[in-house]
Amino acid sequence: LLPNGSQLKFGSLAAIHSLGWPVQVVISTNKEHVMAERRLKLGFGTQCSTAVSSPLSPHDFASRDAFISAVNATWQSTWREAYAIDTSGFLPRPRAALPGAVSRRGVAALARGAGLNRVRLLLVALVVFVMRFRGRLRLRNPAAIVAKDALLAFWQSMRSRQR
């Protein structure tokens, strides 16, 4: 991305204007350091900050171009505000859930139910299995070894249920 993010698309903003939908800019910093999917790396303790603009309604502007100019200006100012926040004095939350969130026991962590989660885990196990035998995955990290062992235990339990 550019220092102030990618350029906003004119066609998308024109469509939003014609539909009469309001726009609100939300910029969060350091989210790319929370989880690097390609490198399979988690950034524990990453400090993120978020800036939120006030909503912009297309009905408040005389023309489409005035609305698009206002959205672009709001994007730039919200970006600067988000990256100007000093996170050094922040205290981490005691838990990952947002304040007011209710924990429920027995509810799957991923959406769409336990059956789909089993399929997801099976696909991850298959990818790890294939990568392991192709020599692309070297399990030297203790966390990766534990994950591999958990996947193997799950696979064995699934096989025993089918019999």
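As the structure is a prediction and not an experimental result, all values here were calculated from the model. (Residues numbered from 1 in each chain as written. Predicted model: local features only at pLDDT ≥ 70, side-chain atom pairs only at ≥ 80, totals over all residues. Heavy atoms only, no water.)

Draft legend 1. Geometry of the overall build of the chain. A count of helical and extended segments in the chain gives 4 helices and 4 strands. Tracing the chain from N to C terminus, the helices and strands come up as α-β-β-β-β-α-α-α. When each of the 163 residues of the chain is scored for burial, the buried share is 20%. Taking the contacts inside the chain whose residues are at least 6 apart along the sequence as the reference set, 63% of them involve residues at least 24 apart. (Helix = DSSP H or I, 4+ residues; strand = E, 2+ residues; numbered from the N terminus. Buried < 20%, exposed > 50% of the residue type's maximum accessible area, 1.4 Å probe, protein only. Contact = heavy atoms within 4.5 Å.)

Draft legend 2. A look at the nonpolar core. If you look at the biggest cluster of nonpolar residues, it comprises 7 residues: L13, A14, V23, L56, F67, I68 and V71. Elements with a contribution of two residues or more to this core: α1 (10–19) and α2 (64–84). No other element matches the 3 residues that α2 contributes to this core. When residues no more than four places from it in sequence are discounted, the contact partners of V71 are L8, L13, V23 and L56. (Core = buried A, V, L, I, M, F, W, Y, C linked by side-chain atoms within 4.5 Å.)

Draft legend 3. Layout of the pattern of salt bridges. In this structure the tally under the stated criterion is 1 salt bridge. Close ionic contact of R64 with D65 constitutes a salt bridge, the shortest N to O distance being 4.0 Å. With a relative accessible area of 39%, R64 lands in the partly exposed category. (Salt bridge = Lys/Arg side-chain N within 4 Å of Asp/Glu carboxyl O.)

Draft legend 4. Broad picture of the environment of L122. Looking at the secondary structure, you find L122 in helix α3 (residues 113–134). On the basis of relative accessible area, L122 is assigned to the partly exposed category, the value being 32%. L122 sits 32 residues away from F154 along the chain, and the two C-alpha atoms are 8.4 Å apart.

Draft legend 5. Structural context of the packing of aromatic side chains. The full count for this structure, using the stated rule, is 3 aromatic pairs. Joined through ring pairs, the aromatic side chains of W75, W79 and Y83 make up one cluster. (Phe/Tyr/Trp six-rings, centres within 6.5 Å; stacked < 30°, edge-to-face > 60°.)

Draft legend 6. Focus on α2. Taking 1.5 Å of rise per residue, 21 residues should cover 30 Å, and α2 covers 30 Å from first to last C-alpha, within 8% of that figure. The set of residues buried in α2 consists of F67, I68, A70, V71, T74, W75, T78, W79 and A82. Lining the buried residues of α2 we find α1, β1 (26–28) and β4 (50–52). (Expected span 1.5 Å × (residues − 1).)

Draft legend 7. A look at the layout of surface pockets. Looking at the second largest pocket, its volume works out to about 450 Å³. Forming the boundary of the second largest pocket are 13 residues, of which G45, T46, C48, P92 and R93 lie nearest the centre. (1 Å grid on protein atoms, 1.4 Å probe; cavity = no way out; pocket = protein on both sides within 12 Å on 5 of 7 lines; lining within 4 Å. Points joined across faces, edges and corners; volume = space filled by probe spheres on them.)

Draft legend 8. Inspection of the environment of V23 at higher detail. In this structure, V23 sits in the loop between α1 and β1. For the pair formed by V23 and P58, sequence separation is 35 residues and the distance between their alpha carbons is 8.3 Å. Apart from residues no more than four positions distant in its own chain, V23 is found in contact with I16, S54, P55, L56, F67 and V71.

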